[in-house]
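# Observations on the three-dimensional arrangement
The residues making up each chain are set out below.
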Amino acid sequence: MRSSTPSAPRDRQVARASGPPPRHAGDSLQPSRPTTTGPAREQWSSRIGVIFAVAGSAVGLGNFLRFPGRAALYGGGAFMIPYFVSLLILGIPICWIEWTLGRHGGRHGFNSAPGIFAVVWQHSLARLFGALAVFIPIVIYMYYVFIESWCFGYAWQYLTGAISPPSAPAGYPEYFASHFNDYIGVQRDGALLADGSPALLFLGLCFALNFLVVYRGLAKGIEALCKWAMPALIVAALVILARVLTLGTPDPGLPERSVLNGLGFMWNPKPTGAAGGTFSALFDPQVWLEAAGQIFFTLSVGFGVIMTYASYLGPDDDVTLAGLTAAAANEFCEVCLGGLITIPAAFLFLGAVPLSHVIGSSIGMGFHAVPVSFEYFPFGHLFGFLWFGLLALAALTSSVSMLQPALAFLREGFALGHARAVALLALLVAPGTALIAYCTENTAALDVMDFWVGSTCLVVLALFEVLLFGWIFGAERGIAEANRGSDLRIPAFFSIVIRFVAPLFLCAILGAFAWQSFAKQARAVLGNPVALTTAIFLVGLFGLLVALTNTAARRWRERLDDSGGYGR
Amino acid sequence: MSVAGFCLMSLSLTFVVLLNIYCFVRVLRTKPRRDAAGATPSEERSDHND
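Residues numbered from 1 in each chain as written. Chains lettered and ligands numbered in written order. Predicted model: local features only at pLDDT ≥ 70, side-chain atom pairs only at ≥ 80, totals over all residues. Heavy atoms only, no water.

Across its full length, chain A holds 22 helices and zero strands. Whereas a compact globule of 568 residues would reach a radius of gyration of roughly 24 Å, chain A reaches 23 Å, a difference of no more than 12%. In terms of overall dimensions, chain A has a C-alpha envelope of 75 × 55 × 45 Å along the principal axes. Taking all 568 residues of chain A together, 61% fall into the buried category. Intrachain contacts of chain A at a sequence separation of at least 6 include 82% that bridge at least 24 residues. In the structure as shown, chain A presents an accessible area of about 20000 Å², 66% of it carried by carbon and sulfur atoms. Side chains of chain A carry 33 positive and 31 negative charges; the gap between the two charge centres is 9 Å. (Helix = DSSP H or I, 4+ residues; strand = E, 2+ residues; numbered from the N terminus. Rg over C-alpha atoms; globule rule 2.2 N^0.38 Å. Buried < 20%, exposed > 50% of the residue type's maximum accessible area, 1.4 Å probe, protein only. Contact = heavy atoms within 4.5 Å. Areas by Shrake-Rupley, 256 points an atom, 1.4 Å probe, with all protein chains shown as cover. Lys, Arg positive; Asp, Glu negative; His and termini not counted. Charge placed at Lys NZ, Arg CZ, Asp CG, Glu CD.)

What follows is the structure, given as structure tokens:
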């Protein structure tokens, strides 16, 4: 709760922090911290705080729902070999790129991607991709906050006993499927509004909670949230993990449904096709693409979020060790927690065959399969509450991070005060969330946003960042910049990874997307009025952001011209 | 669970846990740098928030 202290000191602080970037090159280009007399930008209050904030942004529903399903589908334990290779040659280098670009832009007074890109490359393409880096997180926020509200809603229902499946276990799967479909209004558009669904209440509360956190600012809002939410979700996951691993063989009549076999379902190496040897999955290109895609999405790279977060660091603050630590924390949540909880829990009570039917769907795993398992647990409602509570916290720490890039852009692009920028951002985002909440039939609107923006645009932006860093900023120069003030030196050979390996990997992922899904997804958009409306909305929003970026760039050009370009 | 599955699981968990231990120990053992005036970044930042 906020105190009733008069707001004048906070207003002054906000006014200082929200001023436009310094107008004179001499003010802004000094690679130093803001002085006590000059305009001050927001900054993190501690190093561990920024690590938790970045890890919080990366740890989301995918760690607990998407990763286990991908691993079990694409080779089991064998999946982990391309997974870790991708982590080393794709994930961590791109993380370092975003951290370094962010700190570099922050040193020159910019916190948003359009400004940071302009520091490195004064070209119209940089403005276009800058707009894309603002567009992606806010569009993902539009539907992610809806999914987040399901988690909060389910946690509340478990806490209050509103989840009440039939007494016969045979009815559990059908109960949870229909409960979920009713809850999110999947039957028809406008179902939530017509039925006065509690889902709308939770959506409103989640939406407001996210904006409250960002309104409180970087250190007092996002950092403070992540500093308690990350440990809390890890503790909740460890409690559930301890319970799952000590269940043994819950039903003596079904000895094959044991914890060990559940772990085997997830971790045993297996071929991806009908035939093949134990490790044949390693020779399947699809497995490598899935592993690279999983690494890419789990680390939240290509969002512009890490870049914005890193821009609030001091000019000589460490980025390499902090970046690696945040990635490692994300991997802990994904491999050690997600990899040991979700599949074994669902396997114990569903068995191998029913589980195989839902394993490819993150939503199916999280909202159908795992809740069924909790009904067999002693104190199942408590574990249900913990499960959805941890998912809600994971989603919340991710969703608040999605607002920060656009907030930073509005503040520095148009010299808006913090409160005004937050209010304007809420107005910008609300129509998209309303569209998602209204057009719930078969989640058509959500699927359009998720595929075209949450998957495709993400890879496109990451490819641009890698090329910008490796070929325009210069890989060697970039690594030297990353190593400055850092506690962990990036080896020189990473310049080859950054210039050649990572772009090729990203091109392969993008090519695979295009080959497998573009035609199908385009047909889905053209054949469904809701999907088409959503696509038009997205194009319009992107056009608006491009126009805003061009306007902001004109404001910044004076500074860029004065300095002869910041980063060159 | 097969032997290969157990080995892959153990190696994966060990790698991730050791990576976390290495990173967090290094982060927690590294003291904040002091600038010329002797203030740590967090001390300096707290001045801004007064």
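Still more to cover.
Assigned secondary structure in chain B consists of two helices and zero strands. Here chain B displays about 3200 Å² of accessible surface, and carbon together with sulfur accounts for 65% of that area.

All names here are of chain A. Tracing the backbone shows Thr440 in the loop between α19 (418-438) and α20 (444-483). Given the relative accessible area of 2%, Thr440 is considered buried. One polar contact links the side chain of Thr440 to the main-chain carbonyl oxygen of Arg188, over a distance of 3.2 Å. If we skip the residues at most four places from it in the chain, Thr440 touches Phe146, Ile184, Gly185, Val186, Arg188, Asp189, Gly190, Ala191 and Leu192. (Polar contact = N/O pair within 3.5 Å; in protein donor to acceptor, adjacent residues only side chain to side chain.)

Let us now look at the pattern of salt bridges. If you walk through the whole model with that rule in mind, you get nine salt bridges over all chains. Through salt bridges with shared partners, one network takes in Arg103(A), Arg107(A), Asp316(A), Glu481(A) and Arg484(A). (Salt bridge = Lys/Arg side-chain N within 4 Å of Asp/Glu carboxyl O.)

For the rest of this paragraph, the subject is helix α17 (residues 362-374) of chain A. All names here are of chain A. The end-to-end C-alpha distance of α17, which contains 13 residues, comes to 17 Å, matching closely the 18 Å that a straight helix rising 1.5 Å per residue would cover. Along α17, ten of the 13 residues are buried, which leaves the element largely enclosed by surrounding structure. Within the span of α17, buried status applies to Gly364, Met365, Gly366, Phe367, Ala369, Val370, Pro371, Val372, Ser373 and Phe374. Residues of α17 that are buried make contact with α4 (61-73), α7 (124-160), α8 (172-184), α15 (320-350), α16 (352-358) and α18 (380-414). (Expected span 1.5 Å × (residues − 1).)

Per the counting criterion, the structure on display carries zero disulfides over all chains. Unpaired in this structure, Cys206(A) has its nearest cysteine sulfur neighbour in Cys151(A), at a distance of 8.4 Å. Classification of Cys206(A) by relative accessible area gives buried; the value is 3%. As a non-bridged cysteine, Cys23(B) has Cys95(A) as the owner of its nearest cysteine sulfur, 11 Å distant. (Disulfide = S-S within 2.5 Å.)

With that settled, the discussion passes to the side chain of Glu481(A). Residue and element names in this part refer to chain A. Within the secondary structure, Glu481 is located in helix α20. The buried category is assigned to Glu481, whose relative accessible area is 8%. With residues up to four places along the chain from it excluded, the contact list for Glu481 reads Thr100, Arg103, His104, Arg107 and Phe473.

This part is about the environment of Gln157(A). For Gln157(A), the position within the fold is in helix α7. With 47 residues separating them in the primary sequence, Gln157(A) and Gly204(A) have C-alpha atoms 17 Å apart.

Next up on the list: a nonpolar patch on the surface. Residues and elements named next belong to chain A. On the surface, a nonpolar cluster with roughly 510 Å² of combined accessible area is contributed by Leu467, Trp471, Ile496, Phe500 and Leu504. Of the residues forming the nonpolar patch, the biggest block, three residues, is contributed by helix α21 (residues 494-526). Positionally, Phe500 belongs in helix α21. (Patch = residues over 30% accessible without salt bridge, like charges linked within 9 Å, V, L, I, M, F, W, Y side chains within 5 Å.)

The next thing to look at is the confidence of the model for chain A. Per-residue confidence for chain A gives a mean pLDDT of 87, with 91% of residues at or over 70. In this model, residues 1-39 of chain A is a region of pLDDT below 50 whose contacts with residues beyond four sequence positions or in other chains number 65 contacts. (pLDDT = per-residue confidence, 0-100.)

This part covers the packing of α7(A) against α17(A). All names here are of chain A. The contact between α7 and α17 brings their axes to 13 Å, and the two run at 10°. Classified by the angle their axes make, α7 and α17 are roughly parallel. Between α7 and α17, the contacting residues are Trp150, Cys151, Tyr154 and Tyr158 on the first element and Ile363, Phe367, Pro371 and Phe374 on the second. Across the contact of α7 with α17, the residue classes break down as eight nonpolar, no polar and no charged. (Axes fitted to C-alpha atoms, helices over the stretch in contact; angles between N-to-C directions. Parallel < 35°, antiparallel > 145°, perpendicular 65-115°, else oblique. Nonpolar A, V, L, I, M, F, W, Y, C, P; charged D, E, K, R; others polar.)

Moving on: the packing of helix α5 (residues 80-107) of chain A against α21(A). Residue and element names in this part refer to chain A. Remark: α5 packs on α21, axes separated minimally by 10 Å, with the N-to-C direction vectors making an angle of 105°. Classified by the angle their axes make, α5 and α21 are roughly perpendicular. Facing Ser86, Leu88, Ile89, Leu90, Pro93, Ile94, Trp96 and Ile97 of α5, the residues of α21 in contact are Phe494, Val497, Ile498, Val501, Ala502, Phe505, Leu506 and Ile509.

Let's shift gears to the packing of aromatic side chains. Applying the stated criterion to the full structure yields 43 aromatic pairs over all chains. Ring geometry for Phe84(A) and Phe15(B): centres 4.9 Å apart, planes at 75°, overall edge-to-face. With Phe84(A) in helix α5 and Phe15(B) in helix α1 (residues 3-29), this pair bridges two chains. Residue classification places Phe84(A) among the buried positions, given a relative accessible area of 13%. On the basis of relative accessible area, Phe15(B) is assigned to the partly exposed category, the value being 33%. Through a chain of ring-to-ring contacts, three or more aromatic side chains come together here, namely Phe64(A), Tyr172(A), Phe349(A), Phe374(A), Tyr376(A), Phe377(A), Phe383(A) and Trp387(A). The residue whose ring lies beneath Arg477(A) is Phe473(A), and the NZ or CZ to ring-centre distance is 4.1 Å. It is Arg499(A) that lies over the ring of Trp471(A); its NZ or CZ is 4.1 Å from the centre. (Phe/Tyr/Trp six-rings, centres within 6.5 Å; stacked < 30°, edge-to-face > 60°. Lys NZ or Arg CZ within 6 Å of the ring centre and 35° of its normal.)

All names here are of chain A. Of note, the phi angle at Ala415 is positive, near 55°, even though the residue is not glycine. Locating Ala415 in the fold gives a position in the loop between α18 and α19. A relative accessible area of 31% places Ala415 in the partly exposed class. At Asn442, a residue that is not glycine, the phi angle is positive and equals roughly 55°. Looking at the secondary structure, you find Asn442 in the loop between α19 and α20. Judged by relative accessible area, Asn442 falls into the exposed class, the value being 53%.

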